[in-house]
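So the chains spell out like this:
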There are 2 protein chains.
Amino acid sequence: MPVGKVTSLDVAKEAGVSQPTVSRVFTPGMKVSPDMERRVRAAAEKLGYRPNTLARSLITGQSKTIGLILAYLDNPFYTEALEKLSQTLRAKGYNIMIILAANHAGEVDSVVQDLLDHQVDGIIMASVSISSALSDRLKEEGVPMVLFNRGQDDPSVTSVTSANFDGGKKVAEFLVQGGHRKIAHISGWQGASTGRDRLAGFEAGLAAHGLKPHAVVDGLFSREASAAAARSLFATDAPPDAIFVGNDHMAFAVIEVLRHELGLDIPEEVSIVGYDDVTLAAWDSFQLTTVRQPANRMVEATVEHLLDRIAGTETQAERIEIDGPLIIRKSARIPKGWKE
Amino acid sequence: MPVGKVTSLDVAKEAGVSQPTVSRVFTPGMKVSPDMERRVRAAAEKLGYRPNTLARSLITGQSKTIGLILAYLDNPFYTEALEKLSQTLRAKGYNIMIILAANHAGEVDSVVQDLLDHQVDGIIMASVSISSALSDRLKEEGVPMVLFNRGQDDPSVTSVTSANFDGGKKVAEFLVQGGHRKIAHISGWQGASTGRDRLAGFEAGLAAHGLKPHAVVDGLFSREASAAAARSLFATDAPPDAIFVGNDHMAFAVIEVLRHELGLDIPEEVSIVGYDDVTLAAWDSFQLTTVRQPANRMVEATVEHLLDRIAGTETQAERIEIDGPLIIRKSARIPKGWKE
DNA sequence: ATCATACGTGAATACGTATTCAAGCGCTAT
DNA sequence: ATAGCGCTTGAATACGTATTCACGTATGAT
């Protein structure tokens, strides 16, 4: 009875069968006669045998591991997504190798290389942009990748986002209907498609009413930058009467500046609308009106597409957009008779 | 030029050397002559070779991967810890296989088995308790494990926590000095050492002044349970004038119930103290007085001990406690002349 | 010039499993 | 009774690397 490591060969000897037979017993889908199976399982149980996943992966070429790269974790939207991802992938028999990486080109490249060295079957990148060189490299390597919550111009990479353009548009419509005319936008980082698309939709929505944004400032997905933006918007003699903030995480910072530093009442003096509908948005302290990004469905779409690519069922890249409703709470004035 | 996979043998042929030589070039610490190294690196570069970590792990027995099991992710303390863990381990050359698991015995066992099958070099369990059977199994397997933010009676498993008893005591002292006499406690889950130790310290701190808790309710580390507890505490004719809540995450729920449902002023009518000092605690909306759990130092201690165990440098289990200060903000009355 | 030493290199092997292939077996059909 | 078929099993091999061992060469000392 070997102490540290017990291999399939040990089990084979114990059961009086060959090593391949042991392998077959532990490989789903392989046929073995009932009494063989019984003997092998008994021996395995007795010795405490468990298949070595590494050795298995080496020969099958399937590591049953997905690489996950995350840029921001301070935004709770991503922790919610991480939770769903873990559950969904685990249910499908996959494990997750996770890396938190800053969104710099060099960092991302090295991190992806790390994952490839570990023979991951696929890669999910959340809120990370990639160079086309890198996506080429992945294509060459045959490792499928999905961008989560970030789009890409390159049509050959698949991305899963919410309908950011439509979302921005909905917000504009809501605020205009609410009687606002001086509507500013503290945008998501303009280096990210997410930030750009929400802005574009917002502008389109205003344009439909012959309006333009009162002001647009890049909040860089950062609390500090957004707080600074909020202060600067109100340091002029023509402050906005409503602000659409590029995501909830930034919106909380804006709300706090307005309430606690500037002493403004929300929504009496200023309406605030966010984007994501993270858990905190529903808290009494914020009651944030916001566009819901359905993390569940986004995760499901991501995993489904990725696994289809791995299985070879699906070969085409897709740009998947998932629609989300405007969730109306108390941080923005509600238009009379609003029903939509 | 092989397309999908290029192996060390391909590089060897290209460079006109043997496969072991290629291996040596890519194994730090192995000596190779300069011109060999040059030729091999050139060939590797040309073919796009990268060592296969799986094959390497299979033979060395070192996967350079750490398994991480997390129970709660809605409590932001753990996302902060996760961030540090990722950075620290990556800097040391380790990757992370992450699993989010509910804190049920069966679930945890199966998850640990999963990690063992993947040949992880060590395991970190954050806020999950384990059976002694499981810790025996790990000992037998020779895979070191560290409990993060959770203690264990068994002295043979190492745990890293903050000084929970002292923390609870500090809070009691602070509130008593502040003139409070009806001090209640909405505790952390009493199934967890963390929750129990904070309560015990709190009671000891009160006892030093001849006091007892006004009431103690288990908040189960849950927002809902804590909110319900807060409501029940004020549904009597003798409500508390201060509440020590078992962690920040629960404290936010309590604050919201008091402010928005019961219309109470904090800290004028009730003082609230939390535990953890998560990022949100410093936000203007909460300004929560709380005991800081130094996530950075806890992570460093965890990683250092774990890697020492893996290297064999350290063989003894330890119970590591890291002290954290009381961070005074505005959610609790500040004693006159408080200096400590 | 000769021997000893040290060092760099290649041949062989091991890690633990899945898979190909041929062989053995029992069964049915003629 | 025998040829043929399908099914189960074992022998051999492959996956891609690190490591042991033996060998050859260059270096230094005598």
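Note that the coordinates shown come from a computational prediction; the quantities given were computed from them, not determined experimentally.

Each value, and the rule that gives it
Residues numbered from 1 in each chain as written. Chains lettered and ligands numbered in written order. Predicted model: local features only at pLDDT ≥ 70, side-chain atom pairs only at ≥ 80, totals over all residues. Heavy atoms only, no water. Core = buried A, V, L, I, M, F, W, Y, C linked by side-chain atoms within 4.5 Å. Buried < 20%, exposed > 50% of the residue type's maximum accessible area, 1.4 Å probe, protein only. Contact = heavy atoms within 4.5 Å. Near = heavy atom within 4 Å. Polar contact = N/O pair within 3.5 Å; in protein donor to acceptor, adjacent residues only side chain to side chain. Helix = DSSP H or I, 4+ residues; strand = E, 2+ residues; numbered from the N terminus. 1 Å grid on protein atoms, 1.4 Å probe; cavity = no way out; pocket = protein on both sides within 12 Å on 5 of 7 lines; lining within 4 Å. Points joined across faces, edges and corners; volume = space filled by probe spheres on them. Nonpolar A, V, L, I, M, F, W, Y, C, P; charged D, E, K, R; others polar. Buried area = accessible area lost by both parts, 1.4 Å probe. Salt bridge = Lys/Arg side-chain N within 4 Å of Asp/Glu carboxyl O. Pairing = 2+ DSSP bridges. Axes fitted to C-alpha atoms, helices over the stretch in contact; angles between N-to-C directions.

Draft legend 1. Highlighting the nonpolar core. Among the nonpolar cores identified, the biggest contains 115 residues, and A:Ile243, A:Leu258, A:Ile272, B:Ile243, B:Leu258 and B:Ile272 are the most heavily contacted of them. Non-local contacts of A:Ile272, meaning those with residues more than four positions away in its chain, are made with A:Ile243, A:Val245, A:Ala251, A:Val254, A:Ile255, A:Leu258, A:Ile266, A:Leu288, A:Thr289, A:Ser331 and A:Ala332. Listed in part, the 40 residues of the second largest apolar core include A:Leu147, B:Val111, B:Val143 and B:Val157.

Draft legend 2. Spatial organisation of the protein's contact with DNA strand C. Among the 25 residues in the neighbourhood of DNA strand C, the closest are listed as A:Ser8, A:Ser23, B:Thr21, B:Ser33 and B:Met36. Take A:Ser8: an N or O atom from its main chain is 2.5 Å from a phosphate oxygen of DNA strand C. A:Asn52 places a polar main-chain atom, nitrogen or oxygen, 3.0 Å from a phosphate oxygen of DNA strand C. Every element with two or more residues in the surface near DNA strand C is listed here: α2 (19-25) and α4 (53-60) of chain A together with α2 (19-25) and α4 (53-60) of chain B. With 4 residues, the single largest contributor to the surface near DNA strand C is α4(A).

Draft legend 3. Focus on empty space enclosed by the protein. Applying the stated criterion to the full structure yields 5 cavities of 30 Å³ or more. For the largest cavity, the calculated volume is near 150 Å³. A:Leu54, A:Met97, A:His118, B:Leu54 and B:His118 are, among the 13 residues lining the largest cavity, the residues nearest its centre. Considered class by class, the residues forming the lining of the largest cavity number 4 nonpolar, 9 polar and no charged.

Draft legend 4. Local environment of the interface of chain B and chain A. On the side of chain A, 44 residues touch chain B, which itself brings 44 residues to the contact. Counting each side, the surface lost to burial between chain B and chain A is near 4,500 Å², with a carbon and sulfur contribution of 54%. Among the residues of chain B in contact with chain A, B:Leu54, B:Arg90 and B:Trp283 are the three that bury the most area, contributing 15% of the side total. Taken together, the links from chain B to chain A amount to 4 salt bridges. Two residues, B:Arg90 and A:Asp114, come together in a salt bridge whose shortest N-O distance is 3.1 Å. When grouped by side-chain class, the residues that make up the side of chain B that touches chain A number 16 nonpolar, 16 polar and 12 charged. Across 3 bridges, strand β2 (residues 95-100) of chain A lies against strand β2 (residues 95-100) of chain B in antiparallel orientation. Counted as the bridge partner of A:Met97 is B:Met97 from β2(B).

Draft legend 5. Spatial organisation of the sheet that holds strand β11 (residues 319-322) of chain A. If you walk across this open sheet you meet the 12 strands as β11(A)-β5(A)-β4(A)-β3(A)-β1(A)-β2(A)-β2(B)-β1(B)-β3(B)-β4(B)-β5(B)-β11(B), and the pairing is mixed. Looking at strand neighbours, the two that pair on one side only are β11 of chain A together with β11 (319-322) of chain B, the edges of this open sheet. Pairwise comparison of adjacent strand axes, ignoring direction, gives a mean angle of 20° for this sheet. With 3 bridges joining them, strand β4 (residues 145-148) of chain A and strand β5 (residues 158-162) of chain A adopt parallel strand pairing. Across the sheet, A:Val146 pairs through a bridge with A:Thr158, a residue of β5(A).

Draft legend 6. Quick peek at the pairing of β5(A). Residue and element names in this part refer to chain A. β5 sits mainly inside the fold: 5 of its 5 residues count as buried. Burial along β5 is two-sided: Thr158, Val160 and Ser162 facing one way and Ser159 and Thr161 facing the other are all buried. When β5 meets β11, the two strands line up parallel, connected through 4 bridges. Within the sheet, the bridge partner assigned to Ser162 lies in β11 and is Ile322.

Draft legend 7. Representation of the side chain of A:Asp241 in the model. Residue and element names in this part refer to chain A. Checked against the element boundaries, Asp241 lands in the loop between α10 (223-233) and β8 (242-245). At 3.4 Å, the side chain of Asp241 forms a polar contact with the backbone nitrogen of Arg181. Not counting residues up to four positions away in its chain, the partners in contact with Asp241 are His180, Arg181, Lys182, Ile183, Glu269, Val270 and Ser271.

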